[in-house]
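# Overview (structure and organization)
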Amino acid sequence: MSRIGRMPIAVPAGVTVDIAENNKVTVKGPKGTLERVLPAEMEIKQEDGHLVVTRPNDLKRMKSLHGLTRTLLNNMVVGVTDGFTKELEVNGVGYRASKQGKKLVLALGYSHPVELEDPEGLESTVDGNKITVKGIDKEKVGQYAAEIRAKREPEPYKGKGIKYVDEVIRRKVGKTGKK
């Protein structure tokens, strides 16, 4: 039995979960509403303030979908109550980040500034050399953070570039001069 899939999801007060046909789940909470169509094979039941996901049989595909469905549901519940954040750090001489309305403007050593528009439902803030991406959809928060990081990934010699705050860059030794 899937250890993650069999755990019940506690539905906090102020959160409503609506399960329509074909497992179209709508979760409403204080921060907003999330909607998602989950795998139709999984059975999602709401019992006394908890959500329980069960699978029909023990085929490999069903086993893998079991944990996935439970995790997606849990992320939706956590998203509408607390929301998700990703923090990035801009390192390097002359590398800067700033906000202009809903635009994130990055100076990353290119001949032009890199401008990124905040996607619908996401908000980015800049504090010195830190960029924080906030939102209720974990997938979108992670995707936008990855897009920002991809504009200038950290390089292994000096560590210049945009990295996640908790990311560790494997450093390399530079070249040595002849004697």
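Summarised in this report is the structure supplied together with it. (Residues numbered from 1 in each chain as written. Predicted model: local features only at pLDDT ≥ 70, side-chain atom pairs only at ≥ 80, totals over all residues. Heavy atoms only, no water.)

Throughout the structure, instances matching the rule amount to zero aromatic pairs. The ring of Y164 carries K86 above its face, with NZ or CZ at 5.1 Å from the centroid. Just above the ring of Y110 sits the side chain of R152; from NZ or CZ to the centre is 4.4 Å. (Phe/Tyr/Trp six-rings, centres within 6.5 Å; stacked < 30°, edge-to-face > 60°. Lys NZ or Arg CZ within 6 Å of the ring centre and 35° of its normal.)

Approximately 230 Å³ is the volume attributed to the largest pocket. Together, 16 residues line the largest pocket, and L34, R36, I136, D137 and K138 are the ones closest to its centre. Contributions of two or more residues to the lining of the largest pocket are made by β4 (32-37), α1 (60-81) and α2 (138-150). At four residues, the largest contribution of residues to the lining of the largest pocket is made by β4. When the residues that make up the lining of the largest pocket are grouped by side-chain class, the tally is six nonpolar, three polar and seven charged. (1 Å grid on protein atoms, 1.4 Å probe; cavity = no way out; pocket = protein on both sides within 12 Å on 5 of 7 lines; lining within 4 Å. Points joined across faces, edges and corners; volume = space filled by probe spheres on them. Helix = DSSP H or I, 4+ residues; strand = E, 2+ residues; numbered from the N terminus. Nonpolar A, V, L, I, M, F, W, Y, C, P; charged D, E, K, R; others polar.)

Another aspect to go through is the sheet that holds strand β2 (residues 16-19). Within the open sheet, the three strands sit side by side as β2-β3-β4. Their pairing is antiparallel. Whereas interior strands pair on both sides, the edge strands pair on one side only; in this sheet they are β2 and β4. With strand direction ignored, the average angle separating the axes of adjacent strands in the sheet is 15°. One ladder, built from six bridges, connects strand β3 (residues 24-29) with β4; its direction is antiparallel. Counted as the bridge partner of T26 is E35 from β4. (Pairing = 2+ DSSP bridges. Axes fitted to C-alpha atoms, helices over the stretch in contact; angles between N-to-C directions.)

This brings us to the pairing of strand β7 (residues 84-91). Note that β7 and strand β12 (residues 130-135) share six bridges and pair antiparallel. Paired with F84 across the two strands is G135, which belongs to β12. With four bridges connecting them, β7 and strand β13 (residues 161-164) associate as antiparallel partners. Bridge assignment links V90 to a residue of β13, and that residue is I162.

Under the definition given, this model contains 11 salt bridges. Notably, a salt bridge pairs K24 with E35, separated by 3.0 Å at the nearest N-O pair. Taken as a pair, K24 in strand β3 and E35 in strand β4 lie far apart in primary sequence, 11 residues in all. The shortest N-O distance in the salt bridge between K45 and E43 comes to 3.2 Å. The partly exposed category is assigned to E43, whose relative accessible area is 42%. By sharing partners, the salt bridges in this structure join E89, K130 and K163 into a single network. (Salt bridge = Lys/Arg side-chain N within 4 Å of Asp/Glu carboxyl O. Buried < 20%, exposed > 50% of the residue type's maximum accessible area, 1.4 Å probe, protein only.)

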